[in-house]
Amino acid sequence: MEIDVNKLIGSALETRKNAYAPYSNFYVGAALLTVSGKIYTGSNVENASYPSGICAERSAFSAALSAGERNFIAIALTGGKNSRKAEKFCYPCGMCRQFMSEFCKSDFKIISAKSENKYEIYTLGELLPKGFDLDV
Ligand code: THU
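Residues numbered from 1 in each chain as written. Predicted model: local features only at pLDDT ≥ 70, side-chain atom pairs only at ≥ 80, totals over all residues. Heavy atoms only, no water.

J.: Help me out: how do you make sense of the side chain of Glu57 in this one?
T.: Its location among the elements puts Glu57 in helix 2 (residues 56-66). Despite its burial, Glu57 remains without a salt bridge, the nearest opposite charge being carried by Arg58 at 6.6 Å. (Helix = DSSP H or I, 4+ residues; strand = E, 2+ residues; numbered from the N terminus. Buried < 20%, exposed > 50% of the residue type's maximum accessible area, 1.4 Å probe, protein only. Lys, Arg positive; Asp, Glu negative; His and termini not counted. Salt bridge = Lys/Arg side-chain N within 4 Å of Asp/Glu carboxyl O.)

J.: Looking at this structure, I do not really get the nonpolar core. What am I missing?
T.: One broad rule of soluble globular proteins: the nonpolar side chains tend to lie buried together. In terms of nonpolar packing, the biggest core is built from 20 residues, with Leu32, Phe61, Phe72, Ile75, Met100, Phe108 and Ile110 touching the most fellow members. When contributions to this core are tallied by element, the ones reaching two or more residues are strand 1 (27-34), helix 2, strand 3 (72-80), helix 3 (94-101) and helix 4 (124-127). No other element matches helix 2, which puts five residues into this core. Excluding its chain neighbours within four sequence positions, the residues that come into contact with Phe61 are Leu32, Phe72, Ile75, Phe99, Met100, Phe103, Cys104 and Phe108. Val5, Leu8, Ile9 and Ile111 belong to the second largest nonpolar core, which has 11 residues in total. (Core = buried A, V, L, I, M, F, W, Y, C linked by side-chain atoms within 4.5 Å. Contact = heavy atoms within 4.5 Å.)

J.: Just checking my understanding: could you explain the site of the ligand for this structure?
T.: In the vicinity of the ligand, the contacting residues are Ser24, Phe26, Val28, Asn44, Glu46, Cys55, Ala56, Glu57, Tyr91, Pro92 and Cys93. The separation between an oxygen atom of the ligand and a polar side-chain atom of Glu57 is 2.6 Å. In this structure, an oxygen atom belonging to the ligand sits 2.9 Å away from a main-chain N or O atom of Cys93. Protein contact buries 77% of the 370 Å² of open area that the ligand shows by itself. Of the residues contributing to the shell around the ligand, the split by class is seven nonpolar, two polar and two charged. (Near = heavy atom within 4 Å. Polar contact = N/O pair within 3.5 Å; in protein donor to acceptor, adjacent residues only side chain to side chain. Areas by Shrake-Rupley, 256 points an atom, 1.4 Å probe, with all protein chains shown as cover. Nonpolar A, V, L, I, M, F, W, Y, C, P; charged D, E, K, R; others polar.)

Pasting the structure below:
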């Protein structure tokens with residue numbers, strides 16, 4: 001399936017505006033593309049009890065999984081301290097990489113974006129080599 005990278009990044013940039021990050025002031029948006037061609041979005045949502053917060057990637061996955069989706073192609077993410085502009089590339093935290101590996105194969109694409117035309121593409125296998133797997 002062809003990935004419309006610009007559209008996926010656009011969704012992540014738009015969703016980042018809804019990030020709730022009063023504690024870290026680090027705003028993240030994610031947009032997840034399913035095999036069915038739908039896009040599910042998520043932002044980070046923090047909490048006064050810090051560990052209760054959730055990352056943008058797991059927000060997006062939770063939305064998709066809760067809607068019954070199980071097959072995924074790619075996720076775009078964008079984040080940074082400046083709420084309007086992502087100045088650096090942002091990469092998924094270790095917990096999110098492991099979370100993704102539950103539902104995605106090693107060729108799942110992770111697109112880290114500063115803007116629609118400034119992005120890097122990795123595979124989950126590259127970002128999580130030798131991830132935990134009960135079946136090994
Ligand atoms: N965060 C994400 O949303 N995704 C990541 O992959 C890394 C970190 C969020 C969590 C927290 O709200 C803020 O960024 C600072 O850690």
